[in-house]
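# Remarks on the overall topology
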Amino acid sequence: MTNVPHTLYRIQKSSYISDTVSEIKTSTDLSNLGIDTTLVNQWTNITKQIQSKGITKPVSSAILPYIATGKDLLFTDSTFENQAELLKLLALHSVNHALKTRKTVLKNNSKLSADPDGLVDDMKDQGFTRPKILLLFPFRNVAHKFVHQVLKIALTGSKKQVSNKKRFEDEYGPGEVEKPNLSKSLTYQKTFLGNNDDFFTLGVAFAKNSVKLYTDFYNSDLIVASPLGLRSVVGAPGDKERDYDFLSSIEVLSLFMSDVFLMQNWEHLIHCLEYLNLQPTSPQHTDFSRVKKWALEGHGRHYRQKPCFQLPGSAQISALFGKECVSQRG
């Protein structure tokens, strides 16, 4: 493999690390990174599509080794030009993590069905609740693009069914195209192009032959949300109706276009992060015999990966990254 010089900023033990990483070129490279075999061809095709547009060294090939191996990543070269590519990368990682988790659980379910008394530590394969991936986006238009990439990657072979797709298109699609405000900067126009509603939450679940949208959080594999939308569910002390147990077992937390969160209400994001990986207040969604030991011991945040994508120059996000990124994988 050839080397692709690209600066990645990853905070580990309060220090910045700049590396020259290797370009992903073959299916073997992908498999060695732990990409599920059913997704290898999908990613290869996506890379070919990117290269067909004249991009000979996709930035995703440089980032993927970090993402796929569970490392925290602060990527400060996110632009509108590479946004589609980064969303594809994030979708691949999300689907891969969800499918590998699901396969492990189903495999152990079969073993336990054959031998109900055979529970061993290797079969402690779950968290307190099902959702493992939380993806925060500033607007519905970006969430719409991301979910479309998830569907492209997840819907392989005979798996073609998508529940509630029309509702999703109605609520997250572009709708009527507004004329750009030429009095604003080009960056502003691109940021707010399309459906710029910043209040939303969406559960996504993978089944054997389908992908389900608008699933209940406790029956979801992925949760797609804005900070404002998520905070409306999490609530605050004293609220009569609030829920955050579904955040107790998040293993991947992604902040996309995180610099835009600073232009919204930064406090919404900070508030929501405080409720990740806490011990659940109710045991009704938990099979404690299958919960991983480190989760029971309250170490969930140390097994949570945080890929973050933004434009350069945000000291607040860098500080947050340093505080929240304590993954034992670096």
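Shown above is the structure to which this text applies.
Rules used in this analysis
Residues numbered from 1 in each chain as written. Predicted model: local features only at pLDDT ≥ 70, side-chain atom pairs only at ≥ 80, totals over all residues. Heavy atoms only, no water. Core = buried A, V, L, I, M, F, W, Y, C linked by side-chain atoms within 4.5 Å. Buried < 20%, exposed > 50% of the residue type's maximum accessible area, 1.4 Å probe, protein only. Helix = DSSP H or I, 4+ residues; strand = E, 2+ residues; numbered from the N terminus. Salt bridge = Lys/Arg side-chain N within 4 Å of Asp/Glu carboxyl O. Phe/Tyr/Trp six-rings, centres within 6.5 Å; stacked < 30°, edge-to-face > 60°. Lys NZ or Arg CZ within 6 Å of the ring centre and 35° of its normal. Polar contact = N/O pair within 3.5 Å; in protein donor to acceptor, adjacent residues only side chain to side chain. Pairing = 2+ DSSP bridges. Axes fitted to C-alpha atoms, helices over the stretch in contact; angles between N-to-C directions. Contact = heavy atoms within 4.5 Å. Parallel < 35°, antiparallel > 145°, perpendicular 65-115°, else oblique. Nonpolar A, V, L, I, M, F, W, Y, C, P; charged D, E, K, R; others polar. Arc of directions from axis to C-beta.

Grouped together as the largest cluster of nonpolar side chains are 51 residues, with contacts concentrated most on Ile63, Phe137, Phe146, Phe206, Leu222, Val224 and Phe256. At 9 residues, the largest contribution of residues to this core is made by helix α4 (residues 83-114). If you look at the next biggest cluster of nonpolar residues, it comprises 26 residues, including Ala225, Leu230, Ile250 and Leu273.

What follows deals with the pattern of salt bridges. Applying the stated rule across the entire model yields 8 salt bridges. In this structure, aspartate 36 and lysine 103 form a salt bridge, with 3.0 Å as the shortest nitrogen-oxygen distance. Here aspartate 36, found in the loop between α1 (27-32) and α2 (37-51), pairs with lysine 103, found in helix α4; they are 67 residues apart in sequence, far enough to count as distant. Two residues, lysine 292 and glutamate 251, come together in a salt bridge whose shortest N-O distance is 3.1 Å. Of this pair, lysine 292 sits in the loop between α10 (266-273) and α11 (293-296) while glutamate 251 sits in the loop between α8 (227-234) and β11 (252-256), placing them 41 residues apart in sequence.

Right, let's talk about the packing of aromatic side chains for a bit. In the structure shown here, the tally under the stated rule is 13 aromatic pairs. When the centroid spacing of 5.7 Å and the interplanar angle of 80° are considered together, the rings of tyrosine 172 and phenylalanine 200 count as edge-to-face. Here the residue tyrosine 172 occupies a position in helix α6 (residues 165-172), and phenylalanine 200 occupies one in the loop between α7 (186-191) and β8 (201-206), the gap between them amounting to 28 residues. Taking relative accessible area as the criterion, tyrosine 172 reaches 2% and is therefore assigned buried. The class for phenylalanine 200 is buried, based on a relative accessible area of 3%. Taking 4.6 Å as the distance between ring centres and 40° as the angle between the ring planes, the aromatic pair formed by tyrosine 188 and phenylalanine 192 counts as tilted. The class of phenylalanine 192 is partly exposed, set by a relative accessible area of 27%. In this structure an aromatic cluster arises from ring pairing among Phe75, Phe137, Phe146, Phe256 and Phe309. The aromatic ring of tyrosine 188 is capped on one face by lysine 184, whose charged end is 5.2 Å from the ring centroid.

What follows deals with the side chain of glutamine 83. Positionally, glutamine 83 belongs in helix α4. Given the relative accessible area of 7%, glutamine 83 is considered buried. A polar side-chain atom of glutamine 83 sits 3.2 Å from a polar atom in the side chain of lysine 145.

Attention now moves to helix α3 (residues 59-68). Along an α-helix, residues three or four apart share an orientation, since each turn contains 3.6 residues. With 9 of 10 residues buried, α3 is to be regarded as a mostly interior element. If you check which residues of α3 are buried, you get Val59, Ser60, Ser61, Ala62, Ile63, Leu64, Tyr66, Ile67 and Ala68.

Reading across from one edge, β5-β12-β11-β6-β10-β8-β9-β7 is the order of the 8 strands in this open sheet, with mixed pairing throughout. Whereas interior strands pair on both sides, the edge strands pair on one side only; in this sheet they are β5 (73-75) and β7 (161-163). Averaged over neighbouring strand pairs, the angle between their axes works out to 15° when direction is ignored. Note: β8 against strand β10 (residues 222-225), 4 bridges, orientation antiparallel. Looking at β10, one finds that glycine 203 is bridged to isoleucine 223. Sitting on the sheet, α3 touches β5 and β12 (307-309), and the angle it makes with β5 is about 160°. Set on the sheet, α6 makes contact with β7, β8 and β9 (210-213); between it and β8 the angle comes to about 150°.

With that out of the way, let us pick up the packing of α10 against helix α12 (residues 315-324). Relative orientation of the contacting elements α10 and α12 amounts to 5°, with a least axis distance of 13 Å. By the angle between their axes, α10 is roughly parallel relative to α12. Contacts from Trp266, Leu269, Ile270 and Leu273 of α10 reach α12 at Gln316, Ile317, Leu320 and Glu324. In terms of residue class, the contact of α10 with α12 is built from 6 nonpolar, 1 polar and 1 charged.

This part takes up α12. Inspection of α12 places Ile317, Ser318, Leu320, Phe321 and Glu324 among the buried residues, and these make up the whole buried set. The buried residues of α12 occupy an angular sector of 160° when the element is viewed end-on, so they sit on one face. Among the exposed residues of α12, those oriented more than 90 degrees off its buried face are Ala315 and Lys323.

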